[in-house]
Amino acid sequence: MAQPKVVATAAKQPDFLQFNNLACNTAGGKVIFATDEWFAPAANLLKRDDVQFKASAFTEFGKWMDGWETRRKRTPGHDWCIVQLGVPGLIHGFDVDTSFFTGNHAPAVSIQAACLDDPPAITLEGDRTGTAASDSQLAAVAKLGSESWKELVPVSGLRPGYSDSCHNYFRVSHPDRVTHLRLNMYPGTPEPTQVPSSTCTQVPPNPPRYPPQHVPRYPPTHPGTLLNMYPDGGIARLKVYGIGQRDWSSVPAHETVDLVALANGGVCLGYSDAHFGHPRNMIGPGRAANMADGWETARRLDRPRQLKADGRGILQVPGWEWAVFRLGHPGVISHIEIDTNHFKGNFPDSCRIEACTLTPEEEAQGIRNSWNSGKWQLLLPPQKLRPHHRHHYSGEELALRGAVSHMRLVIAPDGGVSRLRLSGRPTSISTTSSTPASRL
């Protein structure tokens, strides 16, 4: 369980990490069933916080671990749990994180998925450490038939929780909306005769380099995704990366909704800098818990030695930072909120918002060229920002009347924003002009 020193290696992260974590507890994700939670409860899997390790921390059941850890199984079968996504949607990839589980990680897992019209009346309450599923809980979960859910990740080996091998990435291609997952734990090496999945690819890491006395022995990995653990052991975090999918047919024609919200299908497509926090945090639910729950850039190095401001008090600087989002549904924006909550000494001086309508082909081109060019038009002219404050803009302050599908938040010169809300009326692009009508 100890964390030996390792020689860090640079690794290119998979592109699906740009998407939203649909299972995070802050987005409403929860574990509704687990076969065993002896050493550490399964609810830890969905925590937003970074994994911690406390060398001297023990409970009455054994070593305290920041993850889900079951007892050493001495009966037939394997351990598994069921996760209810906080935001139902399309899944593009998984991160099965084994951080700090170095002699007690689960050898292998598989993941299955389902779209349940009615959420099951199953829940787990309180601290589950030292417990196992009761007969009544097993009977209730059996009614879901989860063993026959669609397999997204076949039985796949996991690497141990050293810093350069703990992230086990699986890229998946599944066209259907998902509401629930089953994570299965398995023992030992996956069957060598297993046929690789055509819808899942395990993303290979850079070869980990350990001190000679810590060279791990673990099974080879296979393409592969309910969370099944084989047969027992520990997993620190399960992150489910994808895009929320809302049933827009149920939204009244004139209802105003937050079109960029995570829960409504908004997604970050690119950004200039995310040194301290990813832009996708801005479209999360509620207000930010702290600065880490927002978007924050590094300090720009091209700032003038002597800062000057215009007549409105906006600093005149040569550079800026930006983040691009696709709306969950095209629409006409009527209200904007920019929240700098918690950013008191590191808020941006000013911001502006640009928007446009893009076809899938135009979006792909924008991603390829890092959004250096496009059809951007001004939605919100430059605005002076305040620290730790909710800024609201509507009516004549907004410069576009037509429907848009994409937006870009530009901040100058740098800093942090905790939340971004774009409220408007969902509208079909086909019924509007292909170019938004500008009021400038």
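A brief structural summary. (Residues numbered from 1 in each chain as written. Predicted model: local features only at pLDDT ≥ 70, side-chain atom pairs only at ≥ 80, totals over all residues. Heavy atoms only, no water.)

### Some remarks on the overall build of the protein
Helix and strand content of the protein: two helices and 26 strands. Residues counted as buried form 53% of the 440 residues belonging to the protein. Working note: accessible area of the protein is about 20000 Å², and carbon and sulfur atoms make up 52% of it. (Helix = DSSP H or I, 4+ residues; strand = E, 2+ residues; numbered from the N terminus. Buried < 20%, exposed > 50% of the residue type's maximum accessible area, 1.4 Å probe, protein only. Areas by Shrake-Rupley, 256 points an atom, 1.4 Å probe, with all protein chains shown as cover.)

### With respect to the nonpolar core
Nonpolar side chains tend toward joint burial in soluble globular proteins. If you look at the biggest cluster of nonpolar residues, it comprises 68 residues, and the most contacted ones within it are Phe94, Leu181 and Ile235. In this structure, Phe19, Tyr241, Val267 and Leu358 belong to the second largest nonpolar core, which totals 16 residues. (Core = buried A, V, L, I, M, F, W, Y, C linked by side-chain atoms within 4.5 Å.)

### So, the pairing of strand S12 (residues 178-186)
The buried count for S12 comes to nine of nine residues, which makes it a mostly enclosed element. Bridge count for strand S7 (residues 79-97) against S12 is six bridges, and the pairing is antiparallel. Within the sheet, the bridge partner assigned to Gln84 lies in S12 and is His180. Inspection of the sheet shows strand S8 (residues 108-114) paired to S12 by three bridges, in the antiparallel sense. Pairing of Gln112 across the sheet is with Arg182, part of S12. Both S12 and strand S14 (residues 227-230) contribute to a ladder of two bridges, which runs parallel. When the bridges of S14 are listed, Leu183 appears paired with Leu227. (Pairing = 2+ DSSP bridges.)

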